[in-house]
Amino acid sequence: MELHGFDTDHETMVRSVMEHVLHRMGNQPPLTPAPTAEQLAAAVGPTVTPEGLGASEALRIYTDHLAPASIACDHPRYLAFVPHAPTTAANAFDMVVGPSSQCGSTWMDGAGMIHAENEAMRWIADLAGLPESANGCFVTGGTMANLSALVTARDAARRAREAHSLPQPARWAVVCSASTHSSVASAARVMDVDVIPAELDHELRLTGEAVATAIGGRADGVEVFAVVATAGTTNVGVIDALGSVADACDAAGSTWLHVDGAYGGAGLVAPSVRHRYDGIERCDSLVIDPHKWLFSPFDCAALVYRDPEPARIAHTQHAGYLEPIIDKAVYNPCDHAHVLTRRARGVPFWFSLAVHGTDAYRDAVEHTLAVARAGRDLVAAADHLELLLEPELSVVAFLRRGWHANDYQAWSDRLLADGTAMLTTTTFEDEPAMRFCVVNPRTTVDDLATVLATLA
Ligand SMILES: *Cc1c(COP(=O)(O)O)cnc(C)c1O
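If you're wondering where the values come from, they're calculated on a predicted model, not measured in any experiment. (Residues numbered from 1 in each chain as written. Predicted model: local features only at pLDDT ≥ 70, side-chain atom pairs only at ≥ 80, totals over all residues. Heavy atoms only, no water.)

Scanning all chains against the criterion turns up 14 aromatic pairs. Summarising the aromatic geometry, the rings of F93 and W350 are spaced 6.3 Å apart at their centres and angled 65° between planes, so their arrangement reads as edge-to-face. Of this pair, F93 sits in helix α4 (residues 88-97) while W350 is found in helix α12 (residues 347-356), placing the two residues 257 residues apart along the sequence. Among the residues examined, W350 registers a relative accessible area of 26% and is labelled partly exposed. Both rings, one in W403 and one in W411, keep their centres 6.3 Å apart while their planes meet at 65°; by these two values the pair is edge-to-face. Residue classification places W403 among the partly exposed residues on the basis of a relative accessible area of 21%. Judged by relative accessible area, which is 0%, W411 ranks as buried. Among the aromatic residues, those joined into a ring-pair cluster are W123, F138, F295, F349 and Y361. (Phe/Tyr/Trp six-rings, centres within 6.5 Å; stacked < 30°, edge-to-face > 60°. Helix = DSSP H or I, 4+ residues; strand = E, 2+ residues; numbered from the N terminus. Buried < 20%, exposed > 50% of the residue type's maximum accessible area, 1.4 Å probe, protein only.)

A separate point is the domain arrangement of the chain. Along its sequence, the chain is carved into domain 1 (95-356) and domain 2 (358-453). Between domain 1 and domain 2, the C-alpha centre-to-centre distance is 29 Å. On the domain 2 side, the residues contacting the 29 residues of domain 1 number 25 residues. The contact between domain 1 and domain 2 buries some 2,300 Å² in all, and 63% of this surface belongs to carbon and sulfur atoms. The largest per-residue losses of area from domain 1 upon contact with domain 2 belong to N235, W293 and F295, which jointly make up 27% of the total buried on that side. Joining domain 1 to domain 2, the criterion identifies one salt bridge. (Domains from an automatic or database assignment. Contact = heavy atoms within 4.5 Å. Buried area = accessible area lost by both parts, 1.4 Å probe. Salt bridge = Lys/Arg side-chain N within 4 Å of Asp/Glu carboxyl O.)

Printed below as a string of structure tokens:
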């Protein structure tokens, strides 16, 4: 078979790959623990060879060995971390994006793809109550979104000082809390900026008061360029006091407010919890990961700016060979994040939204919230379990009375080994704890009951 081209052999190969995909879409693979690297290498044998294995042998190795060695995160009893539940429509369109050879970087190349992404981005901006000017870029994940937003914020802060002929500070700092996602500390390391921790209140929320204290207590020579608030913490699903944090940012002199809703931002679509996000409309930038709770395949994070212009200034790459695409009159997603060539990864999400309509998304998110609330009731009703806090979104955190870290670990290992469920341990206020997170509309209350029954 030739490397490029499309003859009957290529067509047969594509059909067999499509058959594999159709089978996968219609059948949920079981949960299985990862093999060791040695086991897998021994089972598979050499795959990258000078002559090639041929399509059917390579696909056989994938189907027989590689696919079963990875966990399908859309299993309804995958309850660890933040799970994943792409729609069939979004998955189907993921197959279109690569082979279309359409690059999602610039309007000149990818106008159609970018129009679709902008429609989906607009829906997210509207959910958050952001103005017409809002737009951004679909990036690989919350980690890249947080980094890109903070790079924009620091650049804007530097330029503002320049504009007022103020000297640049010795150090820049970002204010966040102990429950801020680890990717913010990672971004700070990449950017070589300091992190100033702000205290959480008794409900584990970041408040404006704590932000003001953190900003006020900064060392000499340090300036705060951004505050990161979380709309749905990864560990327990708490939404920070967004309105009061926004007040503190204003009081500090229009400090950039970045809201990390990578997991929890999807709850904006659910009327039963929408009021908890009040104040989110005042953010300067926001991230929501459709690959978490908005049913898109990996990898897809929506980074949206109230005003994309500072992002364009901060991120646009300049070079002679790029001059033809640098065009302020059109919208180039690649100018708004730390990226150049990009997969139009928002398009599968757009396709599913276009197919099903936004009401279906509202109903699906509400459904997962209702299942999580029923799971909370099961925990609260069990004498041997202790609910750690009232769930605000779809994470339920709890203790098994009398258990230590090794008991939890042994239990979660056993559940995965026998294919019952995928749960991982966590810590809550420095103590080992369990949590489950429901984002999959196929997760049932019975699934949760089955898992909890194994803790008796
Ligand atoms: C998951 C998560 C992230 C990181 O997102 P990735 O898509 O895994 O890079 C950042 N912030 C929060 C609050 C998250 O839940």
